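Now for the letters of each chain:
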Amino acid sequence: MSILEIQDLTVEVDGGKILSKINFNVGSGANLLFGPNGSGKTTLLMTILGIPGYKVTCGKIIFNGEDITKLEVDGRARLGIGYGFQQPPEVYGVKLKDLLKVCEGKSQHDKLSDNALALVEKLRMSEFLDREVNVGFSGGEKKRAEALQLLLMRPKLMLLDEPDSGVDIDSLAIIAREIQKYLDESGASALIITHQGHILEHIEAKNACVLMDGENHCYGDAHEIFNDIKEKGYRGCVECQKRKTIQNNRG
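The residue count restarts for each chain, going from 1 along the sequence in the order it is written. With the structure being a predicted model, the display of local features is reserved for residues of pLDDT at least 70 and the display and counting of side-chain atom pairs for 80 or more, all residues being used for whole-chain, interface and lining totals. Only hydrogens and water are removed before side-chain values are computed, so all heavy atoms of the structure are retained for them.

### Observations concerning the overall build of the protein
Then step 1. A tally of helices and strands in the protein yields seven helices and 12 strands.
Then step 2. With the principal axes as the frame, the protein shows a C-alpha extent of 65 × 35 × 35 Å.
Then step 3. For the protein, restricting intrachain contacts to residue pairs at least 6 apart in sequence, the fraction spanning at least 24 positions comes to 67%.
Then step 4. Accessibility throughout is a Shrake-Rupley quantity obtained with a 1.4 Å probe, and a residue counts as covered only by protein chains that appear here. Total accessible area on the protein stands at roughly 12400 Å², and carbon and sulfur atoms take up 46% of it.
Then step 5. Of the charged side chains in the protein, 31 are positive and 36 negative; the average position of the first set lies 2 Å away from that of the second. Each helix is a run of H or I in the DSSP string that is no shorter than four residues. Each strand is a run of E no shorter than two, and both are numbered from the N terminus. Every residue pair with non-hydrogen atoms within 4.5 Å of one another is taken to be in contact. When charges are tallied, Lys and Arg are placed among the positive residues and Asp and Glu among the negative ones, while His and the ends of the chain are skipped. The location of each charge is read from NZ of Lys, CZ of Arg, CG of Asp or CD of Glu.

### Observations regarding the pattern of salt bridges
Then step 1. By definition here, a salt bridge exists when the distance from a side-chain nitrogen of Lys or Arg to a carboxyl oxygen of Asp or Glu is within 4 Å. Tallying each qualifying case throughout the model produces eight salt bridges.
Then step 2. Close ionic contact of D74 with R78 constitutes a salt bridge, the shortest N to O distance being 3.1 Å. Here D74 and its partner R78 are both found in helix α2 (residues 73-79), four residues apart, which amounts to about one turn of the helix.
Then step 3. Relative accessibility under 20% of the residue-type maximum defines a buried residue, over 50% an exposed one, and the middle range a partly exposed one, all with a 1.4 Å probe and only protein chains included. Overall, the relative accessible area of 42% leaves D74 in the partly exposed class.
Then step 4. Between D228 and K232 there is a salt bridge, with its nearest N and O atoms 3.3 Å apart. Linking D228 with K232, this pair stays in helix α7 (residues 222-250), spanning four residues, or about one helical turn.
Then step 5. Accessibility expressed as a relative area gives 18% for D228, which makes it buried.
Then step 6. Given the relative accessible area of 33%, K232 is considered partly exposed.
Then step 7. Among the ionic contacts, a cluster of salt bridges with common partners joins D228, E231 and K232.

### Section: the packing of aromatic side chains
Each aromatic ring pair is summarised here by two numbers: the centre-to-centre distance and the angle between the ring planes.
Then step 1. Side-chain rings of Phe, Tyr and Trp (the six-membered ring for Trp) are treated as a pair once their centres are within 6.5 Å; stacked means planes under 30 degrees apart, edge-to-face means over 60, and tilted covers the remaining angles. Applying the stated criterion to the full structure yields three aromatic pairs.
Then step 2. Taken together, a centroid distance of 5.6 Å and an interplanar angle of 5° make the contact between F34 and F226 stacked. Here the residue F34 occupies a position in strand β3 (residues 29-34), and F226 occupies one in helix α7, the gap between them amounting to 192 residues. Each member of the pair, F34 together with F226, is buried.
Then step 3. Pairing Y83 with F85 gives two aromatic rings, centres 4.9 Å apart and planes at 75°, and the pair type is edge-to-face.
Then step 4. Judged by its relative accessible area of 14%, Y83 falls in the buried class.
Then step 5. Residue F85 is classed as partly exposed on the basis of its relative accessible area, which comes to 39%.

### A short note on the packing of helix α5 (residues 139-153) against helix α6 (residues 169-186)
Pairs of packed helices are described in terms of their axes, by the angle between the two and the distance that separates them.
Then step 1. In the contact formed by α5 and α6, the axes pass within 9 Å of each other and the chain directions differ by 10°. When the interaxial angle is binned, α5 and α6 end up roughly parallel. When α5 is examined against α6, the residues G140, K143, R144, A147 and L151 are found in contact with a partner set consisting of S171, I174, I175, E178, I179 and Y182.
Then step 2. Counted by class, the contact of α5 with α6 contains six nonpolar, two polar and three charged residues. To define axes, lines are fitted to C-alpha atoms, for helices over the stretch in contact only, and angles between the resulting N-to-C directions are given on a 0 to 180 degree scale. Orientation labels follow simple angle bins: below 35 degrees gives roughly parallel, above 145 gives roughly antiparallel, 65 to 115 gives roughly perpendicular, and whatever is left gives oblique. Note on residue categories: nonpolar means Ala, Val, Leu, Ile, Met, Phe, Trp, Tyr, Cys or Pro, charged means Asp, Glu, Lys or Arg, and polar means any other residue, Gly included.

### So, the packing of helix α3 (residues 96-104) against α5
Then step 1. Orientation of α3 relative to α5, taken along the N-to-C sense of each, is 25°, at an axis distance of 7 Å. Judged on the interaxial angle alone, α5 and α3 are roughly parallel. Relative to α5, α3 is oriented so that their crossing is right-handed. When α3 is examined against α5, the residues L96, L99, L100, C103 and E104 are found in contact with a partner set consisting of L148, Q149, L152 and M153.
Then step 2. Across the contact of α3 with α5, the residue classes tally to seven nonpolar, one polar and one charged. By definition, any crossing whose near helix is turned counterclockwise from its far helix by less than a right angle is left-handed, and any crossing with a clockwise turn is right-handed.

### A few points about the sheet that holds strand β12 (residues 215-221)
Then step 1. Think of it this way: DSSP has to see at least two bridges between two strands before they count as a pair. Strand order in the open sheet made by the six strands is β6-β9-β10-β3-β11-β12, with mixed pairing throughout. Every interior strand has two partners, whereas the edge strands, β6 (81-84) and β12, have only one. Averaged over all pairs of adjacent strands, the angle between their axes in this sheet comes to 20°, without regard to strand direction.
Then step 2. Bridge count between strand β11 (residues 205-212) and β12: five bridges; the pairing is antiparallel. Residue pairing in the sheet places V210 in a bridge with H217 of β12.
Then step 3. On the sheet, helix α1 (residues 41-49) packs against β3, β6, β9 (157-161), β10 (189-193) and β11 and is oriented at approximately 150° with respect to β9.
Then step 4. Across the sheet, α5 is in contact with β6 and β9; its angle to β6 comes to roughly 175°.

In short, shape yes, function no, at least from these values alone.
Right under this line is the structure:
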């Protein structure tokens, strides 16, 4: 069963159409979303999250069997949708350890759980607990802190916007390992945006699709699609898929 179903989704931002008739499902485990710059990938994630300004003019978003198309952001979060920023923001005046307590559902007077502290250690964030969130952090440190917060919230669906961009090789391996472990143990799902596909070296992704010019194409095996993109480019990959579809229909 798919935890997320996108049905004929058309989205406008500031009166301009960005996405047109998007259709795909997200199953268990990791699912990838490829696409060039400006293709609408982040817009799609923002729409799934319910961020104001992303207007759905057609179609539905079904999460865990429930139509959430008109649900507010906080309602979607409570249902179990979590988001990892492409560029995690700096949060002045808030220590990382205090934000992690919120992610765990604890009060500021509580201590972090042993599970949280173990995850802090695995993501190499122990020395950052008393620092302001992301302030002065490197790109890899910000992404590790972002993954830490998201994993402690234990979402049913993780939306990750380019977790492999601006990240060193070691940080990417650490982040991907903990995400994969969580997906395996919890049965949760992830929709991951990637440009370069480096995340595929560290995470087990079965399905993927290509988003280009505001439309989705090439839904299928993640590794096959990525190899086609490397060989033919995004547009070549899409054209190749169209030819295969025509041939199959004729056959």
